[in-house]
Amino acid sequence: MFQVTALCIVLGALLGLSLKTYKRSIETGVPSGRANVLKIEYRAIKESNEKMRREIADYRKQIDDLTGKLMTGTSGETLLKDELVKAKIMAGTTAVHGPGVVFTLVDSPKLSPAETDRDIIEQFMVHDKDLLAIVNELLVNGAEAISINTERWISTSSIRCVGMTVQVNNRKMSQPFTIKAIGDPAALQDAVMHQGGPADDLVLLEMITVKKESDIVVPAYTGITQFEMGKPVEEPGNRN
Amino acid sequence: MMWLPVVGLAVGFVVYWLPVALPTDYASYLSLATLAGLDSIFGGIRAGIEGKFHDDIFLSGFVVNTVLAAALAYLGDQIGVDLFLAAVVVLGGRVFLNLSLIRRYWLTQASLNRKRDS
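Reading guide: rules and limits
Residues numbered from 1 in each chain as written. Chains lettered and ligands numbered in written order. Predicted model: local features only at pLDDT ≥ 70, side-chain atom pairs only at ≥ 80, totals over all residues. Helix = DSSP H or I, 4+ residues; strand = E, 2+ residues; numbered from the N terminus. Expected span 1.5 Å × (residues − 1). Buried ≥ 20, exposed ≤ 12 C-beta atoms within 10 Å, placed from the backbone. Arc of directions from axis to C-beta. pLDDT = per-residue confidence, 0-100. Contact = placed C-beta atoms within 7 Å. Nonpolar A, V, L, I, M, F, W, Y, C, P; charged D, E, K, R; others polar. Pairing = 2+ DSSP bridges. Axes fitted to C-alpha atoms, helices over the stretch in contact; angles between N-to-C directions.

**Student:** Teacher, can you tell me more about helix 5 (residues 128–140) of chain A here?
**Tutor:** One turn of the α-helix equals 3.6 residues, which is why residues spaced by three or four share an orientation. Residue and element names in this part refer to chain A. Across its 13 residues, helix 5 extends 18 Å between first and last C-alpha, which sits within 8% of the 18 Å expected from 1.5 Å per residue. Within the sequence span of helix 5, burial applies to Asp130, Leu131, Ile134, Val135, Glu137 and Leu138. Each buried residue of helix 5 sits inside an arc of 160° when the element is viewed along its axis, so together they form one side. In the segment just after helix 5, glycine 142 is the residue with positive phi, at about 85°.

**Student:** Just to check I follow, could you spell out the confidence of the model for chain B for this structure?
**Tutor:** Detailed conclusions should not be drawn from predicted coordinates in areas where pLDDT is low. Per-residue pLDDT for chain B has a mean of 85; in total, 98% of the residues score no lower than 70. Summarising per-element confidence for chain B, the mean pLDDT is lowest in helix 1 (residues 3–13) of chain B (83) and highest in helix 4 (residues 83–117) of chain B (88).

**Student:** I keep staring at the interface of chain A and chain B and nothing clicks. Help me out?
**Tutor:** Note: interface size is frequently given as the accessible area lost on complex formation between the parts. On the side of chain B, 32 residues touch chain A, which itself brings 31 residues to the contact. Contributions of two or more residues to the side of chain A that touches chain B are made by helix 1 (2–27) and helix 2 (32–71) of chain A. The greatest single-element share of the side of chain A that touches chain B, amounting to 22 residues, is contributed by helix 1 of chain A. A per-class count over the side of chain A that touches chain B returns 18 nonpolar, 11 polar and 2 charged.

**Student:** Mind showing me how you'd approach the sheet that holds strand 4 (residues 159–162) of chain A here?
**Tutor:** Through backbone hydrogen bonds, the strands of a sheet pair up, either in parallel or in antiparallel fashion. Residue and element names in this part refer to chain A. Strand order in the open sheet formed by 3 strands is 4-5-6, with antiparallel pairing between adjacent strands. At either margin of the open sheet sits one strand with a lone partner, and together these are strand 4 and strand 6 (171–173). With strand direction ignored, the average angle separating the axes of adjacent strands in the sheet is 35°. By the bridge criterion, 4 bridges tie strand 4 to strand 5 (residues 165–168) in an arrangement that is antiparallel. Note that in strand 5 the partner of arginine 160 across the bridge is glutamine 167. Against the sheet, helix 5 makes contact with strand 4 and strand 5, and its axis sits at roughly 175° relative to strand 4, the strand it touches most.

**Student:** Mind showing me how you'd approach the sheet that holds strand 1 (residues 96–105) of chain A here?
**Tutor:** Residues and elements named next belong to chain A. The strand order 3-2-7-1-8 describes an open sheet built from 5 strands, whose pairing is antiparallel. The two strands at the open ends of the sheet, each matched to only one other strand, are strand 3 (151–152) and strand 8 (208–218). In terms of strand pairing, strand 1 meets strand 7 (residues 177–182) through 6 bridges, oriented antiparallel. Considered in strand 7, the bridge of valine 102 is made with lysine 180. Across the sheet, helix 5 lies against strand 1, strand 2 (145–148) and strand 7, angled at about 10° from strand 7, the strand it touches most. Lying over the sheet, helix 6 (residues 185–193) contacts strand 1, strand 7 and strand 8, oriented at roughly 25° with respect to strand 1.

**Student:** Help me understand helix 1 of chain B, please; the structure alone is not making it clear to me.
**Tutor:** All names here are of chain B. For helix 1, the set of buried residues is Pro5, Gly8, Leu9 and Gly12. The arc enclosing the buried residues of helix 1, seen along the axis, measures out at 100°, which places them on a common side. Exposed side chains of helix 1 directed beyond 90 degrees from the buried face belong to Trp3, Val6 and Ala10.

Spelled out as structure tokens, the structure:
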């Protein structure tokens, strides 16, 4: 009888655990069987995405080569080249390196794993508005190039919440988020971390760490740069 | 003494309210292990009724079945064969078989008692 009782304890524990785990798997929105199918689909999509990204990089290099060839031999060669480099940094189509700061944002380690209230759990997570506020503050304080994980911040960049993930430049990502910014390291750090600043709550919940660096690399923008609707306005001074 | 296993079940179920969390990927393996455990328990009850109960067989059966069921389902997932379903069919079938045998035994006992009383 003793063994049966002992095994019943184990069975009870198993029952409880499987009930709890299954309930959680339903709450997170992925039934157990579906997860595997999604994994395969995700992998395929990711692969084709990478392929297309490589193609974009290839084409961009071709453009660079062609414009390089075009410019050699002309009189204003160096001037044009300088202008091009400036324009590319501005547009974000080239990787930039220099002194700056690196912020790392994670979901709060202070959240108790037993917590089931969604509203409370959400208080402990990194949100799109946190990233947006930090990026904004960095731009105000003279950041010259910013990236979030692999995504370069450009003039048409966006940050928004998509389900459990954050979407930057149409690329979905989840925590940990690494924000790199090139500029005066001390000024940029103070801009974000000062009391009353955008990172107040994050500091309190141990969700943000910051590091000043003497040389960091901010990656180039890899998305599309097609402009279908807008056309440049002819300015009087530009006419030759 | 019949109530001891039931109390054990309740004690074990306390895990549900404890702050333990397993990855949701394991949900299907866990439920299969639970099914195997149920199968062993009913098998044990049936063996007890038939007078063939051996605690060593019961104990080893419980442990091995539980682990094996989960391991088999995992293997199935890895090689792309749905062994999960096979285990569910076999274990589920056995649970029903054992339950029906136990029910039959109780019914026979009851009718025997009635005959003896009259």
